[in-house]
Protein chains: 2
Amino acid sequence: MQLFLNKFFQEDDSVEDDSAETILVSTIDGRLRALNSLTGEVKWTLQEEPVLRSPSAVKQGFTFLPNPIDGSLYVLKNSSLKKLPFNIPQLVHASPCKGNDGILYAGSKKDVWFGIDPKTGLKMETLSSASADRICPANQKQTIFLGRTEYRVSMFDEKNRGKTWNATFNDYSAHLLPEVNTWPFKHYASSSHGYILTFDKETGEMKWEADLKQPVVALYLLRDDGLHKLPFEVMGKETMENVAKVKQRAIFIAEDRKPKNIFRN
Amino acid sequence: MQLFLNKFFQEDDSVEDDSAETILVSTIDGRLRALNSLTGEVKWTLQEEPVLRSPSAVKQGFTFLPNPIDGSLYVLKNSSLKKLPFNIPQLVHASPCKGNDGILYAGSKKDVWFGIDPKTGLKMETLSSASADRICPANQKQTIFLGRTEYRVSMFDEKNRGKTWNATFNDYSAHLLPEVNTWPFKHYASSSHGYILTFDKETGEMKWEADLKQPVVALYLLRDDGLHKLPFEVMGKETMENVAKVKQRAIFIAEDRKPKNIFRN
């Protein structure tokens, strides 16, 4: 069901720019996509576990709603939503613990290092505290290691065993390299869809747009030493569409060429 | 191979004292023993995973020596021992991370709640983020929940895959209830053996001694709400034996009765 944007760029006069870097976009469905930083072109896609798994049924009094961007938790009580003072990773760190209300919390955390080929996205190795699998023993020079953590939390009521809840949250950004301060672009992502708009920080010009069809959880810069977090602003869908339309029209008139990508509904 | 001390007390005129509480002693072999706080009598034993599992072979340059009491790590380099600034739980929390030397760290943490009958030590329930097993669904009133955490850490050298190391550390004290301030006893445990000496804080009188045959990792007080940490001092074996001998002789002379327990070599 994913429509990749490669075809748009295959039709273009593709300009190989040495200054192009690779942005990794983590979407809520568990896909990690490598995008060309100058064009937004999707180079490869890695399919992993969904960022968040939790019960979808809402039970009054014992329902938590997790935020997939940072794993923060909201509790639904008497039709009002209250943010809890901890997110899933913090809860896993503090567990095993017991609430004043007799709720037992049990957590688990599991790190995995993926050794990938940055050109193809192929997994060359998987290292975890459970095992070390080396898929391709030769040609290790190009391998870049990405760390991922799976946090799982379960809640049990000591007295009423019908009251249980659990959630799993996957995070690439548990412990990242420093943010890149000299990044020339500013990124915006839609809160409910997969739109990304990228602007040149200096000129304010829109560089590219992409629609990944799934809400964006995080952006990273892929360098030889691993992942660096890239900041992005969350924007409403309508605002983004309007910005994109105006920009596209401006590009049409000023440069007399096709827009590189078109928003679809 | 464990010699329990029950038989000594069965021969005694066993005095059931209402003020007796239950001390849990965690030993390095993974046993959790419930002792009568007034007599040192072993009431029951729970056999769990050993506190620490790590390679016993010493490799020059890539060998870590873990301390089973707190999971702290020492690195052996050029025949000198250096303490690392983190212990295994801290390393698991900080993982996935990469050292400046190209070492990749991967961790895992897994919480389990044991619901036990405090009278018998029988496990009534096991709750973890992986599963919830209820062994005995009826009669839950007496169940006390003990939280245990398994920390596992693995280290991989990015360049030389022969250089790997891993360790597992089990901890009951990850997140405990507050220490008990009004505890009337002072406990000493041998650093290399399983001797415990218990003194009355006020009178200085030795109350009881026990030999659990395995180094003591932690002491807890078992109350209805769970485990509370009890402090203890680590003492050399010879010092403990001398203290015990002197005390035993003193009791012999002053009270004209058998010592409650005898050190064995």
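Computed from a predicted model, the values in this text were never measured in an experiment.

Colleague: Quick question: what am I supposed to make of the side chain of asparagine 170 of chain B here?
Modeller: Residues and elements named next belong to chain B. If you trace the backbone, asparagine 170 turns up in strand S13 (residues 164–171). A polar atom in the side chain of asparagine 170 sits 2.9 Å from the backbone oxygen of proline 50. In contact with asparagine 170, other than residues within four places in its own chain, are Glu49, Pro50, Val51, Arg53, Arg148, Thr149 and Glu150.

Colleague: Where do I start with the relation of the copies chain B and chain A in this structure?
Modeller: Both copies of the chain are related by one operation, a rotation about an axis with a shift along it. Least-squares fitting of chain B to chain A yields an RMSD of 0.0 Å, with the superposition described by an axial translation of 0.0 Å and a rotation of 180 degrees. Interpreted geometrically, this transformation is the action of a two-fold axis. When each C-alpha of chain B is compared by its distance to the rotation axis, lysine 109 of chain B comes out closest, at 2.5 Å. When the interface residues of chain B are mapped onto chain A, 100% of them again fall at the interface, so both copies present the same face.

Colleague: Please clarify how a nonpolar patch on the surface should be interpreted in this entry.
Modeller: A contiguous nonpolar patch, built from Val58, Leu65 and Leu81 of chain A and spanning about 260 Å² of accessible area, is present on the exposed surface. If you trace the backbone, leucine 65 of chain A turns up in strand S5 (residues 63–66).

Colleague: I would appreciate a short explanation of the interface of chain B and chain A in the present structure.
Modeller: How big an interface is tends to be expressed through the accessible area that disappears when the partners come together. The interface of chain B with chain A comprises 36 residues on the first partner and 36 residues on the second. Here chain B and chain A share an interface that buries about 3,100 Å² over both sides, 57% of which is from carbon and sulfur atoms. Taken together, the connections running from chain B to chain A amount to zero salt bridges. Where chain B meets chain A, there are 14 residue pairs in polar contact (both at pLDDT 80 or more). For the side of chain B that touches chain A, the secondary structure elements donating two or more residues are helix H2 (88–94), strand S8 (97–98), strand S9 (103–116), strand S10 (123–128), strand S11 (132–134) and strand S12 (144–157) of chain B. In terms of residue count, the dominant contributor to the side of chain B that touches chain A is S9 of chain B (nine residues). Judged from the three bridges that link them, strand S9 (residues 103–116) of chain A and S9 of chain B form a sheet pairing that is antiparallel. Bridge assignment links lysine 109 of chain A to a residue of S9 of chain B, and that residue is lysine 109 of chain B.

Colleague: What is the right way to read the sheet that holds strand S14 (residues 185–190) of chain A from this model?
Modeller: In any sheet, the strands associate via hydrogen bonds between backbone groups, in a parallel or an antiparallel arrangement. Residues and elements named next belong to chain A. Read across the sheet, four strands follow the order S16-S15-S14-S19 without closing on themselves; strand pairing throughout is mixed. Both outer strands of the open sheet, strand S16 (206–211) and strand S19 (232–235), are each paired with one neighbouring strand and no more. Here the strands of the sheet are splayed against their neighbours by 20 degrees on average, with no regard to which way each runs. Pairing geometry for S14 and strand S15 (residues 195–200), over five bridges, is antiparallel. Its bridge partner being in S15, tyrosine 188 is matched across the sheet by leucine 197.

Colleague: Would you mind going over the nonpolar core with me for this structure?
Modeller: Within soluble globular proteins, side chains that are nonpolar generally end up buried alongside one another. All names here are of chain A. Counting 35 residues, the largest nonpolar core has Leu24, Leu73, Ile88, Leu146, Met155 and Trp165 as the members making the most contacts within it. Those elements that provide at least two residues to this core are strand S2 (31–36), strand S3 (42–47), strand S6 (72–77), helix H2 (88–94), S9, strand S12 (144–157), strand S13 (164–171) and strand S17 (216–223). For this core, the two domains that each supply at least three residues are domain 1 (21–48 + 178–255) and domain 2 (52–171). Setting aside its immediate chain neighbours within four residues, leucine 73 contacts Phe64, Leu65, Pro66, Lys82, Lys83, Leu84, Phe86, Asn87, Ile88, Leu91, Met155 and Trp165.

Colleague: Sorry if this is basic, but what is going on with the pattern of salt bridges here?
Modeller: It is possible for side chains of opposite charge to pair when their charged atoms get near one another. The full count for this structure, using the stated rule, is 20 salt bridges over all chains. Aspartate 29 of chain B is the salt-bridge partner of arginine 31 of chain B, the closest N and O atoms lying 2.8 Å from each other. Across this residue pair, the class does not change: arginine 31 of chain B and aspartate 29 of chain B are buried. Look at the salt bridges and you will find they share partners, linking Glu49, Arg53, Glu150 and Arg152 of chain A into a network.

Conventions and cut-offs
Residues numbered from 1 in each chain as written. Chains lettered and ligands numbered in written order. Predicted model: local features only at pLDDT ≥ 70, side-chain atom pairs only at ≥ 80, totals over all residues. Heavy atoms only, no water. Helix = DSSP H or I, 4+ residues; strand = E, 2+ residues; numbered from the N terminus. Polar contact = N/O pair within 3.5 Å; in protein donor to acceptor, adjacent residues only side chain to side chain. Contact = heavy atoms within 4.5 Å. Least-squares fit on C-alpha atoms with pLDDT ≥ 70 in both. Patch = residues over 30% accessible without salt bridge, like charges linked within 9 Å, V, L, I, M, F, W, Y side chains within 5 Å. Areas by Shrake-Rupley, 256 points an atom, 1.4 Å probe, with all protein chains shown as cover. Salt bridge = Lys/Arg side-chain N within 4 Å of Asp/Glu carboxyl O. Buried area = accessible area lost by both parts, 1.4 Å probe. Pairing = 2+ DSSP bridges. Axes fitted to C-alpha atoms, helices over the stretch in contact; angles between N-to-C directions. Core = buried A, V, L, I, M, F, W, Y, C linked by side-chain atoms within 4.5 Å. Buried < 20%, exposed > 50% of the residue type's maximum accessible area, 1.4 Å probe, protein only. Domains from an automatic or database assignment.

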